[in-house]
Amino acid sequence: MKTAAVIVTHNSQAVLGRCLAALAAQTAPPVLTALIDSGSEDSSYVRVHCQQPGFVVHFAENIGFSRANNIGWQAVRQEAEAVLFLNPDAFPAPKSLELACAFLAENPTVGCVGGRLLGFDAATGQPTGLLDSTGVFRNWHGRWHDRDQGQPDCGQRSQREEVPAVCGAFLLARRTALEQTALSGDAVFDPAFFLYKEDIELCLRLRRAGWKTAYLPEAAAHHCRGWQQNRKAMPAWLRLTAAHNEVLLYRRHPSPYILWALLKYAAVRWLRI
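Cut-off values and rules
- Residues numbered from 1 in each chain as written.
- Predicted model: local features only at pLDDT ≥ 70, side-chain atom pairs only at ≥ 80, totals over all residues.
- Heavy atoms only, no water.
- Helix = DSSP H or I, 4+ residues; strand = E, 2+ residues; numbered from the N terminus.
- Rg over C-alpha atoms; globule rule 2.2 N^0.38 Å.
- Buried < 20%, exposed > 50% of the residue type's maximum accessible area, 1.4 Å probe, protein only.
- Contact = heavy atoms within 4.5 Å.
- Areas by Shrake-Rupley, 256 points an atom, 1.4 Å probe, with all protein chains shown as cover.
- Axes fitted to C-alpha atoms, helices over the stretch in contact; angles between N-to-C directions.
- Parallel < 35°, antiparallel > 145°, perpendicular 65-115°, else oblique.
- Left-handed = near helix turned anticlockwise from the far one by under 90°.
- Nonpolar A, V, L, I, M, F, W, Y, C, P; charged D, E, K, R; others polar.
- Pairing = 2+ DSSP bridges.
- Right-handed = clockwise from strand over helix to strand, strands pointing away.
- Expected span 1.5 Å × (residues − 1).
- Phe/Tyr/Trp six-rings, centres within 6.5 Å; stacked < 30°, edge-to-face > 60°.
- Lys NZ or Arg CZ within 6 Å of the ring centre and 35° of its normal.
- Salt bridge = Lys/Arg side-chain N within 4 Å of Asp/Glu carboxyl O.

Asker: An account of the overall build of the chain is needed here, citing residue identities and associated values.
Answerer: The helix and strand inventory of the chain stands at eight helices and twelve strands. By the compact-globule yardstick of 19 Å for 273 residues, the chain fits well, its C-alpha radius of gyration being 18 Å. Counting only C-alpha atoms, the chain reaches 50 × 45 × 40 Å along its principal axes. Expressed as a percentage of its 273 residues, the buried residues of the chain come to 53%. Taking all contacts inside the chain whose residues are at least 6 apart in sequence as the whole, residues at least 24 apart take part in 73%. Accessible surface for the chain amounts to roughly 12200 Å². Of this, 54% is attributable to carbon and sulfur atoms.

Right under this line is the structure:
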């Protein structure tokens, strides 16, 4: 199965090199990689790839994660049967893409697959020994979260399984599934989601159309997530964006859980929680 990759950058100088090295080391590397820079203050670290074979590079203002990924999708969609949406701070293990592609080929009802994400400290350049995500789930009151995030990696969650959603840091999607569920303008990610929850919205849309979303533990990738241990360290506008998008998610996919999302949004906006 031929694959292409889409990587959205925004001031990602510290991590992009490691990410691209991990892609190059894949046993089944992508045939084409789209680098979409969304408003980096200094884009020279992306510009160096403009003339390199196997890359397509696009520069934009800070248009947000969803819109930038949609530009990348348009650039690579004709080149591959599956598209890997990869964060610049995610570093797949050498066989991860090959294993994920084989899984899609063997399971024609699966629209997208995510791997076992492991924590990585960008400052030290070392794994944290903690899990980052083993699929995205919703708890009893409606909050979506990365399962097992921050838990010690003891080899748990070692079975393949269908999950409600997968983390967009490493998300391999079948092209036909994306084409079938695309929004107006052939957008695969909802452009109303500037940042956060866009991966969940895509997975819910795929599942609503009859596709499965799956967790593949053998497809491993390290992922930096510097704020995960201290939510208060996140800028207020990011916390508000995340809360707003949770409300938007339940507007796109109606559920009584929107009541919790509205309470959370009010708490973040007016109580600065």
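That covers the picture; the talk isn't over yet.
Asker: Describe the packing of helix α7 (residues 236-252) against helix α8 (residues 258-270), listing the residues and the values that go with them.
Answerer: As a packed pair, α7 and α8 sit with axes 9 Å apart at the nearest point and diverge in direction by 160°. As summarised for this structure, α7 and α8 are arranged roughly antiparallel, according to the angle between their axes. In this structure, α7 crosses over α8, and the sense of that crossing is left-handed. Within the contact between the two elements, α7 uses Arg239, Leu240, Ala243, His244, Glu246, Val247, Tyr250 and Arg251 and α8 uses Ile258, Trp260, Ala261, Leu262, Lys264, Tyr265, Val268 and Arg269. For the contact of α7 with α8, a count of residues per class yields ten nonpolar, one polar and five charged.

Asker: A description of the pairing of strand β2 (residues 32-38) should follow, citing residues and the corresponding values.
Answerer: Counting buried positions along β2 gives seven out of seven residues, so the element sits mostly inside the fold. Every second residue of β2 is oriented toward a common face, with Leu32, Ala34, Ile36 and Ser38 on one face and Thr33, Leu35 and Asp37 on the other, all of them buried. As paired elements, strand β1 (residues 3-9) and β2 share six bridges and run parallel to each other. Among the inter-strand pairings, Thr9 is bridged to a residue of β2, identified as Asp37. This β-α-β element, β1 to helix α1 (residues 13-24) to β2, shows right-handed connectivity. With six bridges joining them, β2 and strand β3 (residues 55-60) adopt parallel strand pairing. Residue pairing in the sheet places Ile36 in a bridge with His58 of β3.

Asker: How would you explain unusual backbone geometry if you had to name every residue and give the values?
Answerer: Non-glycine residue Arg157 carries a positive phi angle of around 55°. Looking at where Arg157 falls in the secondary structure, it is placed in the loop between β9 (144-146) and β10 (161-162). With phi around 75°, Lys197 is a residue other than glycine that occupies positive phi space. Looking at where Lys197 falls in the secondary structure, it is placed in the loop between α5 (175-181) and α6 (198-208).

Asker: Tell me what's going on with the environment of Arg175, and back it up with residues and numbers.
Answerer: By the secondary structure assignment, Arg175 is in helix α5. Arg175 sits in the partly exposed class, given a relative accessible area of 23%. Along the chain, Arg175 and Thr109 lie 66 residues apart, while their C-alpha atoms are 13 Å from each other. Excluding anything up to four places from it in sequence, Arg175 contacts Trp73, Arg77, Gln78, Ala80, Glu81 and Ala82.

Asker: Describe α7, and please don't skip the residues or the numbers.
Answerer: The terminal C-alpha atoms of α7 lie 24 Å apart, and with 17 residues this matches the ideal 24 Å at 1.5 Å per residue to within 8%. Buried within α7 we find Leu238, Arg239, Thr241, Ala242, Ala243, Asn245, Glu246, Val247, Leu248, Leu249 and Tyr250. Elements that come into contact with the buried residues of α7 comprise β8 (136-138), β9, α6 and α8.

Asker: Describe in detail the packing of aromatic side chains, supporting the description with residues and values.
Answerer: Scanning all chains against the criterion turns up four aromatic pairs. Between the aromatic rings of Phe85 and Phe189, the centroid separation amounts to 5.0 Å while the plane-to-plane angle is 85°, which identifies the pairing as edge-to-face. Residue Phe85 is located in strand β4 (residues 82-86), and its partner Phe189 is located in the loop between α5 and α6; the two are separated by 104 residues in the primary sequence. With respect to class, Phe85 is no different from Phe189; both count as buried. Positioned above the aromatic ring of Tyr215 is the side chain of Arg147, whose terminal nitrogen or guanidinium carbon lies 5.7 Å from the ring centre.

Asker: Outline the pattern of salt bridges, listing residues and values.
Answerer: A complete count under the given rule lists 15 salt bridges for this structure. Arg116 is the partner of Asp153 in a salt bridge, and the nearest nitrogen-oxygen pair spans 2.7 Å. Placement of Asp153 in the loop between β9 and β10 and of Arg116 in strand β6 (residues 110-121) is noted, with a sequence separation of 37 residues between them. For Asp153, a relative accessible area of 34% puts it in the partly exposed group. What makes Arg116 buried here is its relative accessible area of 9%. A salt bridge links Glu161 to Arg147; its shortest N-O distance comes to 2.8 Å.

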